[in-house]
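In case you want the letters, here they are:
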Amino acid sequence: MLLGRVVGTLVATRKEPSLGGLKFLVLKQLDIEGQETGGYRVAADAVGAGLGEVVLYATGSAARQTKLTDRRPCDAVIMAIVDTVEVDGVVKYEKAEAD
Amino acid sequence: MLLGRVVGTLVATRKEPSLGGLKFLVLKQLDIEGQETGGYRVAADAVGAGLGEVVLYATGSAARQTKLTDRRPCDAVIMAIVDTVEVDGVVKYEKAEAD
Amino acid sequence: MLLGRVVGTLVATRKEPSLGGLKFLVLKQLDIEGQETGGYRVAADAVGAGLGEVVLYATGSAARQTKLTDRRPCDAVIMAIVDTVEVDGVVKYEKAEAD
Amino acid sequence: MLLGRVVGTLVATRKEPSLGGLKFLVLKQLDIEGQETGGYRVAADAVGAGLGEVVLYATGSAARQTKLTDRRPCDAVIMAIVDTVEVDGVVKYEKAEAD
Amino acid sequence: MLLGRVVGTLVATRKEPSLGGLKFLVLKQLDIEGQETGGYRVAADAVGAGLGEVVLYATGSAARQTKLTDRRPCDAVIMAIVDTVEVDGVVKYEKAEAD
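Because the structure is a prediction, the values reported are computed rather than measured.

Visitor: Please give an account of unusual backbone geometry that cites residues and values.
Guide: Located in the positive-phi region is Asp88 of chain A, a residue other than glycine, with phi close to 50°. Its place among the elements puts Asp88 of chain A in the loop between strand 7 (84-87) and strand 8 (90-94).

Okay, here's the thing in structure tokens:
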């Protein structure tokens, strides 16, 4: 899994029928320091993530291992909202309490 | 999923028999700002996408999760035509009404 | 799927038993303009491709969705021989009639 | 599989329900000389790896082939703790006895 | 599939139980000219490859399509030992007879 920050939304009315009801969020990929890498991903949201939140997302067939995405043509899913990331003994990211 | 713009078509008469009837479109990959990255992908079309449209495509085993591509040797599928992409509160792409 | 040109062959007598009978071809990857990218792939041939031909190949689990490759440890398959590729209204590649 | 060093932990209370009980570790990717590549991965831990240990991790659908990760939206798993890596006749890494 | 040269071994006593008996080899990735690319992969050995041999390896779910690796958390497998690679009419690699 990789880290991403939810930065936007994508609307698509004409789509594969099985995708109805899925919410697509735009993620900017983050490196281990929490900095943007320049990459992005559009992912289905399985956890109710909000704009600005740092999330963990899975790609490939793993993205279909949720009730929302099972058997759907979806190759990326947000499967967790990150509370804290600690690397080499230093807290690199901590979710704000007010979120 | 990633964003792409439909830029062309590919014709192949000699192909794996199960692929009969599938339409292959050529996509230029787009970054989050809607700019071309230099990459491309040939994808099966599951939604009736047209030349010039911005689409969302899935790769890997997800590409077989449509009726058209089920059990076929296909690793990329267009599964949605994009209406709008909004990033950091700014509309980065909006489909023209006349499309 | 990506485009490749068949440039060679690979012979391996000692291999996983289930691979007996599969023909492995060496592909140089092509970009959307038909230029070589510097990358390559060794792929199983499901369509009888010949040296010099431009082909479409699928990777990952899609490579096992042919009778020849089903349940075999194969991650790339040539699934179509390309006749024409048209991009932005320009024919980028056209198979020679004599082929 | 690739080599990584366990450098940290990730806590996520809001996540896909099936992920309850899984421990997520942060890995820095290592090259064949044991040097960091700049890349990272968040992986589920199937072997009880500790901070600082060099591990082997698998990605993609392979990451679900453990009891802990079966049918879960997880695309990377630590499946072995490395004792020694020998390349070109030279021991590139050896786990300290006291570990 | 890609080409690699077997350059070393990896020992791991603490690992996912299903991996018992699998031999892990360290591969340096080769380009189409037989030169090292700087990349590597740790792969399960399904064919009894030896140090110095040039092999073909498959990644992703294809790596589990052998008796040795079936249902194991393994994402790369050596599935053939290469005898010859011929590109553009030139033999780029030929296994020594004494091997």
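Visitor: Go over the relation of the copies chain A and chain D, please, and point to the residues and values.
Guide: Note on the identical chains: chain A maps onto chain D by a rotation of 72° and an axial translation of 0.0 Å, with an RMSD of 0.0 Å. The relationship between the two copies is best expressed as a five-fold rotation axis. When the interface residues of chain A are mapped onto chain D, a mere 3% of them are again interface residues, pointing to distinct binding faces.

Visitor: Give a description of the relation of the copies chain B and chain C that names residues and reports values.
Guide: With an RMSD of 0.0 Å, chain B superimposes on chain C once it is rotated by 72° and translated 0.0 Å along the axis. Interface residue correspondence from chain B to chain C reaches only 4%, placing this contact among heterologous pairings that use different surfaces.

Visitor: Kindly report on the interface of chain B and chain C, identifying the contributing residues and their values.
Guide: Contact with chain B, which involves 27 residues of that partner, is made by 31 residues of chain C. Taken over both partners, the interface formed by chain B and chain C buries close to 2,300 Å², and the fraction arising from carbon and sulfur atoms is 53%. The tally of links from chain B across to chain C stands at one salt bridge. In this structure, the salt-bridge partner of Lys28 of chain B is Asp88 of chain C, at a minimum N-O distance of 3.2 Å. Summed over the shared surface of chain B and chain C, the number is 15 residue pairs in polar contact (both at pLDDT 80 or more). Listed by contribution, the elements that provide at least two residues to the side of chain B that touches chain C are strand 1 (2-11), strand 2 (14-15), strand 3 (24-30) and strand 4 (36-45) of chain B. For the side of chain B that touches chain C, the residue count by class is 14 nonpolar, four polar and nine charged. One ladder, built from four bridges, connects strand 1 of chain B with strand 7 (residues 84-87) of chain C; its direction is antiparallel. The partner of Gly8 of chain B across the bridge, within strand 7 of chain C, is Val87 of chain C.

Visitor: Could you give me a rundown of the environment of Arg14 of chain A, with the residues and numbers involved?
Guide: Following the sequence through the fold, Arg14 of chain A ends up in strand 2 (residues 14-15). Taking the relative accessible area as the measure of exposure, Arg14 of chain A reaches 41% and is therefore partly exposed. When near neighbours in sequence (up to four residues on either side) are disregarded, Arg14 of chain A contacts Val47, Gly48, Ala49, Glu53, Ala80 and Ile81 of chain B. At 2.6 Å, the side chain of Arg14 of chain A and the backbone oxygen of Gly48 of chain B are in polar contact.

Visitor: Hey, could you go over the arrangement of the chains for me, with residue numbers and the actual values?
Guide: In this assembly chain A lies apart from chain C, the nearest approach of their C-alpha atoms being 10 Å. What separates chain C from chain D at the closest point of their C-alpha atoms is a distance of 10 Å, and the two make no contact.

Visitor: Can you tell me about the environment of Pro17 of chain E, naming the residues and giving the values?
Guide: Residue and element names in this part refer to chain E. Position of Pro17 among the secondary structure elements: in the loop between strand 2 (14-15) and strand 3 (24-30). Using a relative accessible area of 72% as the deciding quantity, one classes Pro17 as exposed. A C-alpha to C-alpha distance of 18 Å links Pro17 and Val77, two positions 60 residues apart in sequence.

Visitor: Just give me the short version of the interface of chain A and chain D, but keep the residues and values in it.
Guide: Of the residues lining the interface, 31 residues belong to chain A; the matching set on chain D comes to 27 residues. Of the roughly 2,200 Å² buried between chain A and chain D on both sides combined, carbon and sulfur atoms contribute 53%. Broken down residue by residue, the surface that chain A buries against chain D is led by Met1, Ile32 and Gln65 of chain A, which jointly contribute 28%. Taken together, the connections running from chain A to chain D amount to one salt bridge. Taken together, the elements giving at least two residues each to the side of chain A that touches chain D come down to strand 1 (2-11), strand 5 (54-59), strand 6 (76-81) and strand 7 of chain A. When the residues that make up the side of chain A that touches chain D are grouped by side-chain class, the tally is 19 nonpolar, six polar and six charged.

Visitor: So what's going on with the pattern of salt bridges? Which residues, and what values?
Guide: Evaluation of the coordinates by the stated rule reveals 25 salt bridges over all chains. Note that Glu53 of chain E and Lys95 of chain E form a salt bridge whose closest N and O atoms lie 2.7 Å from each other. Here Glu53 of chain E, found in the loop between strand 4 (36-45) and strand 5 (54-59), pairs with Lys95 of chain E, found in the segment after strand 8 (90-94); they are 42 residues apart in sequence, far enough to count as distant. Residues participating in the shared-partner salt-bridge network are Arg5, Lys28 and Glu36 of chain A together with Asp88 of chain B.

How each quantity is defined
Residue numbers restart at each chain and count upward from 1, following the sequence in its written direction. Each chain is given a letter, starting from A, and each ligand a number, starting from 1, according to the order in which they appear as written. Selection of residues for local features in this predicted model requires a pLDDT of at least 70, selection of side-chain atom pairs for listing and counting requires 80 or more, and totals for whole chains, interfaces and linings are taken over all residues. Side-chain numbers come from the whole structure's heavy atoms, not from hydrogens or water. Secondary structure follows DSSP: runs of H or I at least 4 residues long count as helices, runs of E at least 2 residues long count as strands, and numbering of each begins at the N terminus. Residues below a pLDDT of 70 in either copy are left out; the C-alpha atoms of the rest, at least 70 in both, set the least-squares superposition of the copies. When checking whether two residues touch, look at their non-hydrogen atoms; a contact exists if any pair is within 4.5 Å. The term buried area means the drop in 1.4 Å probe accessible area that two parts suffer when joined, counted for both and summed. The salt bridge definition used is simple: a Lys or Arg side-chain nitrogen within 4 Å of an Asp or Glu carboxyl oxygen. Polar contact criterion, stated in full: a pair of N or O atoms within 3.5 Å, where within protein one must be able to donate a hydrogen and the other to accept it, and residues adjacent in sequence count only if both atoms are side-chain atoms. Charged residues are taken to be Asp, Glu, Lys and Arg, nonpolar residues to be Ala, Val, Leu, Ile, Met, Phe, Trp, Tyr, Cys and Pro, and polar residues to be all remaining types, Gly included. Note: two strands are recorded as paired if DSSP finds a minimum of 2 bridges between them. Here the term buried applies to any residue with accessible area under 20% of the maximum for its type, exposed to any over 50%, and partly exposed to those in between, with areas from a 1.4 Å probe on protein chains only.

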